[in-house]
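# Chain and residue survey
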There are 2 protein chains.
Amino acid sequence: MTENRDQLCINTIRFLSADGVEAAGCGHPGMPMGMADAAYVLWTLFLKHNPHDPKWVDRDRFVLSAGHGSMLLYSLLYLTGYDLPLAELQNFRQWGSKTPGHPEYGHAPGVETTTGPLGQGFATGVGMALATRLLAARYNKPGHTIVDHKIYAIASDGDLMEGVASEAASLAGHLGLSEIIYLYDDNHISIEGSTDLAFTEDVAARFRAYNWFVQEVDGYDLSALASAIRAAQAEGERPSLIKVRTHIGYGAPNLQDTSAVHGAAMGEAELNAAKQNLGWPVEPRFFVPDEALSTFREAVDAGARAQADWQARFDAYAAAYPELAAEFELRMHGELPAGWDADLPAFADASKPLSTRKASGAVLNAISPNLPALIGGSADLAPSNNTRISGQADVNTGAFEGRNLHFGVREHAMGAVMNGLALHGGFIPYGGTFMVFSDYMRPAIRLAALMRAHVVYVFTHDSIGLGEDGPTHQPVEHLAALRAIPGLTVIRPADATETVAAWQVAIEHDGPVALALTRQNIDIQDRTRFPPAAELAKGAYVLVDADGTPDLILIATGSEVEVALAARAVLAEQGVQARVVSMPSWELFEKQPQAYKDAVLPPQVTARLAVEAGVRLGWDRYVGLQGGVVSIERFGASAPYKTLWQEFGFTGPAVAEQAMSLLGKV
Amino acid sequence: MTENRDQLCINTIRFLSADGVEAAGCGHPGMPMGMADAAYVLWTLFLKHNPHDPKWVDRDRFVLSAGHGSMLLYSLLYLTGYDLPLAELQNFRQWGSKTPGHPEYGHAPGVETTTGPLGQGFATGVGMALATRLLAARYNKPGHTIVDHKIYAIASDGDLMEGVASEAASLAGHLGLSEIIYLYDDNHISIEGSTDLAFTEDVAARFRAYNWFVQEVDGYDLSALASAIRAAQAEGERPSLIKVRTHIGYGAPNLQDTSAVHGAAMGEAELNAAKQNLGWPVEPRFFVPDEALSTFREAVDAGARAQADWQARFDAYAAAYPELAAEFELRMHGELPAGWDADLPAFADASKPLSTRKASGAVLNAISPNLPALIGGSADLAPSNNTRISGQADVNTGAFEGRNLHFGVREHAMGAVMNGLALHGGFIPYGGTFMVFSDYMRPAIRLAALMRAHVVYVFTHDSIGLGEDGPTHQPVEHLAALRAIPGLTVIRPADATETVAAWQVAIEHDGPVALALTRQNIDIQDRTRFPPAAELAKGAYVLVDADGTPDLILIATGSEVEVALAARAVLAEQGVQARVVSMPSWELFEKQPQAYKDAVLPPQVTARLAVEAGVRLGWDRYVGLQGGVVSIERFGASAPYKTLWQEFGFTGPAVAEQAMSLLGKV
């Protein structure tokens, strides 16, 4: 390449991005303009990808953690030949375009993950790197390297300020994930002004403390950039952070190095001046010189060659290791192996109570041998979450053959790493913590829902029933708060048998699933007397009906189902016939046909009492204005759980009393 | 002190704590046993406090960030003479005790903040240190030092793994908050086993990179501990982290240095063996030698003397600076100055639309001169959140006279720092971010609600109405998720005039308040035609009634109120008489007498349509099974907001159509 052609290509990125923002009238021109050089070096000299097969499994992943600079990514995707026409760039931020304000997974091809909420891309990339390392450990064989790619990202100062990135960086350094090569866009500017206002830490020293390989380069010295990336590729022990000193809004004569160019269109005058400043034609907008385009488009042939080369190697591998190759392909296609659920436990012995967390642990251990894609762990609560797969090794520095991940006390990074594992492909990740700490990872849960990432949250200790740890550890608002997230399926099984069914749904699902599980032991329902637990898949079902037309419907979830059953017995003694509905999942129930819903909750039966050890919020949908909810409208308390059940009114007699009151019989 | 007495006192702490856990049958003995020595040194040689006046304003604050070690704190509080009798320690983790599983603000005296969720205490302490520094900058005068105290904490490896602590540490280092002296209980054990499983970063180097003064000491070398604390006290430029190498469960012959002693009672045999091992009588349980008690109780006289000395200094200060002294006292008592609301803007000109975020900024700027306790900022979105107080300086390294905080892109730390500012006393903190990012700070919001901390969240960009930034930035589930938190008051004003009323409620409230504010301009309602905006304080009110008995009630919040008004006009043309209820706050409405609620939402009017650009969850409570909700049950999209309003059905005609359908008239 000549220097002129480099600049031509770089300015093509720079001004495509700026023109996109200007056309939309809003967006973030500063980052793409500042980082165009680094992005050019990365994408033309290093990134292994095939624009014509964006799902090629051995591609490098590129994550734009600084998602607000989306036009940078869209420009690169268009220029290198992805199925993203120029018209889409011209339609930036418009209804129905593939170019939303922040990159969204599933819109433009080549967008590996949804970014924008800062820190998420950074941490999700760590999950992708972990996926790469885990797959390499299982599938690569001497002379057969079929998993061999890097995770590149561009991260901003905002990314690095976010706690989730700190957590993920510490974990990545601990694990020595040298697949990671992140460019830090060190432009000294945040929205409120200079980063000196709030961010003066020594980033390089911090990352070295995490066991990262840190380099510092000038963002406009192309050979220095290339050398740094090359050194990062050669580094075998540590993740890499390349601190790239840039100037936000590079080239804009009045706005460069100011926060004004971060998050708003520059205005025509300044944009034109920037173009003139860098020797670029003011018109036409979205100008792409042929020479630049042909340079970028070399990625198409190069990508096809790289993939063909890989395919040949994979074919040889498949000949040598047919079973492993088949397993690899199945996993990378996101398909479940036949018989994955062959060994699900039955919990047929209803004589002894069992916590659903323990039941969940038993399920996990039963299915994992048949389901190599299943991997996970806990945010340092594995013994409490029952998330450990026994007989399997720990994943740790230098040891990636095992199945047990240790996330540390890093719920948020866990959530994002799970997203990265799922997005990379090859994994159904699960992650455990106490349900109350779902708050810590909520932004990652939201992104999983938005991306429909197939991940399973194992949230144990799901109510005041956890007892003595007290209100700081007792979720009361969390079922409601999780149910509020569109696209997240929340399942709160009523006993061990429903826990089996819940895992079955979770594994066969195509988006994120949150399991809410008890700490305390609860009854196992006798499925020889009750309908099969597989009814859970419908979200709600009649567990035991009234004798005759119900006077009342008791609707309960999780550990409160046994309370509802006890209340039903008390009511029966008083001549009140109650139906008990187990309702483990609102989301699954809402997917049922109206006729089924009406069969479970007949409209004519308006005396309905929901029983759930959490806030009422949302239950009115099922109980109506005439109904009632035995709920908790305050924070919990520290005491043995049986005391709490008494004090908060979650006993058969107390619920029966509420029911009688609802019926006007008290 | 003699060495024997030291050990006697230390073992008193150690075994009081272990006995408390053993009596409860659950809890966390390991940390108190390991950190008893360090705690003893800190509390007997350094901590400035008055057990008989736990609210003395110039006391040092002690934060047990590793809240699971609560028995350590309870032991210290009892021993040093706080109003926490031994019987409360014996009643650890029981219903109604002052000694819940994790320390809770407002239960035992001397508990400065609620801890347990890891990282929170660490970050809240940063807020307390900031409070100290800010008050010192305003009130201390040459020769008159009335604000002069430290923030001590004990933090665990779990605290340091959490992102919120990383964020707060970076901020504290940036600001140079040398008031902070934290002891890091470096015991090498986490719940899942050795910290080598997940946490091998160089903590000391990381904190040095944040600009902290880091020391490392043996946790059982009392003179080294004292020297380190003394050096930390002498450090004037940086916060201090003292890495204290300890052994979890110190003294337990079989369980020391194992995760088994972290979170479960040791069992009688091991506890007895530990006592014998350290020369402690096995019986009685909760043994407190007289000599130990009298040593600890020296804190009572010492504290009284320290406070008397301070009081004398404060009296001299009050004589020299009577106005400042009066202001200081008012603030530290949490009282509002007379006339704080004298300059509230009126927004009487209804001719021009205005976003409620801008209205909020105007209110903030109007009230801040009269309300010196009000301080805040944004997580790097001040220009968008309109949180800046103009004419006031930035708070930054070495500059604490201003009123504008810069939290950086650290929402979670912002939430915890706000809690620390409020708990320290003297401040009504506010903090801004986009509403969607309330997820990032949710654990801190929850603690604010649990503690009833008086803080104000300025959540702008409160719906898809923010437009092009797209679904990653558009809250749809957040109003529901915030309403789910007990004790949090959520207010979504309908226009600029309600924004004024919302701030008035927020300032006069006694717990956390979240304001949900628009990015986009919306109509200012003409209060000469409509009821006064002060009606907002009732949570909901009839904005404009039907002509005659309502055929239908339209209930709306925030920016959807103008949509409901438009729908009302469309319906009127079709002969349908609709009442429009503005419902800015469910929590405030629920506090009203039933008669008022029935007046606003008459039970006989069952045709009710709620209009809110978010999920339906919870609205059924107000619309019933016969009602409807114009809601959003998916994530948003990236497009200009007027397009989004159209596409998602938030226009007068679209809502009117839904209303007609509800009435069976379509």
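Residues numbered from 1 in each chain as written. Chains lettered and ligands numbered in written order. Predicted model: local features only at pLDDT ≥ 70, side-chain atom pairs only at ≥ 80, totals over all residues. Heavy atoms only, no water.

Residue and element names in this part refer to chain A. With respect to the element layout, G127 can be found in helix 5 (residues 120–139). Given the relative accessible area of 0%, G127 is considered buried. Residues G127 and L423 lie 296 residues apart in sequence; the distance between their C-alpha atoms is 8.7 Å. Leaving out residues up to four positions away in the same chain, G127 has contacts with V417, G420 and L421. (Helix = DSSP H or I, 4+ residues; strand = E, 2+ residues; numbered from the N terminus. Buried < 20%, exposed > 50% of the residue type's maximum accessible area, 1.4 Å probe, protein only. Contact = heavy atoms within 4.5 Å.)

Residues and elements named next belong to chain A. Compared with the 32 Å implied by 1.5 Å per residue over 22 residues, the 32 Å span of helix 1 (residues 3–24) between its first and last C-alpha is a close match. For helix 1, the buried fraction is high: 16 of the 22 residues fall into the buried class. Of the residues one or two after helix 1, G25 is the one with positive phi, at around 85 degrees. (Expected span 1.5 Å × (residues − 1).)

Quick look at the confidence of the model for chain A now. Per-residue confidence for chain A averages 97 on the pLDDT scale, and 100% of its residues sit at or above 70. Here the prediction assigns the complex a pTM of 0.98, and the interface score ipTM is 0.98. (pLDDT = per-residue confidence, 0-100.)

What follows deals with the environment of W340 of chain B. Residues and elements named next belong to chain B. Tracing the backbone through its elements, the reader meets W340 in the loop between helix 12 (322–332) and helix 13 (356–367). Linking W340 and A366, residues 26 residues apart in sequence, is a C-alpha distance of 9.6 Å. Here W340 is in contact with I367, N370, L371, W503, Q504, I507 and E508, once residues within four sequence places are set aside.

Once that is clear, we can look at the sheet that holds strand 6 (residues 213–218) of chain B. Residues and elements named next belong to chain B. In space, the five strands of this open sheet follow the order 1-2-3-7-6, with parallel pairing throughout. Here the strands that pair on one side only, and so sit at the sheet edges, are strand 1 (61–64) and strand 6. Strand-to-strand, the axes of this sheet are offset by a mean angle of 20 degrees, without reference to chain direction. As paired elements, strand 3 (residues 180–186) and strand 7 (residues 240–245) share six bridges and run parallel to each other. (Pairing = 2+ DSSP bridges. Axes fitted to C-alpha atoms, helices over the stretch in contact; angles between N-to-C directions.)

A word on the interface of chain A and chain B. Contact residues are listed per partner, giving 101 residues for chain A and 101 residues for chain B. A combined buried area of about 8200 Å² lies between chain A and chain B, and 60% of that area is made up of carbon and sulfur atoms. Sorting the residues of chain A by area buried against chain B places W95, E192 and R446 of chain A first, and these three jointly supply 10% of that buried surface. Counting the contacts that link chain A with chain B gives six salt bridges. A salt bridge links E477 of chain B to R446 of chain A, with the nearest nitrogen and oxygen atoms 2.6 Å apart. Our enumeration of links across chain A and chain B arrives at 50 residue pairs in polar contact (both at pLDDT 80 or more). Looking at the side of chain A that touches chain B residue by residue, the class counts come to 46 nonpolar, 28 polar and 27 charged. (Buried area = accessible area lost by both parts, 1.4 Å probe. Salt bridge = Lys/Arg side-chain N within 4 Å of Asp/Glu carboxyl O. Polar contact = N/O pair within 3.5 Å; in protein donor to acceptor, adjacent residues only side chain to side chain. Nonpolar A, V, L, I, M, F, W, Y, C, P; charged D, E, K, R; others polar.)

Moving on, we come to the pattern of salt bridges. Residues and elements named next belong to chain A. Per the stated rule, a full pass over the model turns up 55 salt bridges over all chains. The salt bridge partner of E216 is K243, with a shortest N-O separation of 3.9 Å. In this pair, E216 is assigned in strand 6 (residues 213–218) and K243 in strand 7 (residues 240–245), connecting sequence segments 27 residues apart. A salt bridge links R238 to E235, with the nearest nitrogen and oxygen atoms 3.2 Å apart. Overall, R238 belongs to the partly exposed group, its relative accessible area being 28%. The network of salt bridges with shared partners includes E268, E283 and R285.

Residue and element names in this part refer to chain A. According to the stated counting rule, one finds 58 aromatic pairs over all chains in the structure shown. Between F434 and F437, the ring centres sit 6.1 Å apart and the planes meet at 25 degrees, which makes this aromatic pair stacked. The same class applies to F434 and to F437, which are both buried. Measuring from ring centre to ring centre gives 5.5 Å for Y457 and F459, while their planes differ by 5 degrees; the resulting arrangement is stacked. (Phe/Tyr/Trp six-rings, centres within 6.5 Å; stacked < 30°, edge-to-face > 60°.)

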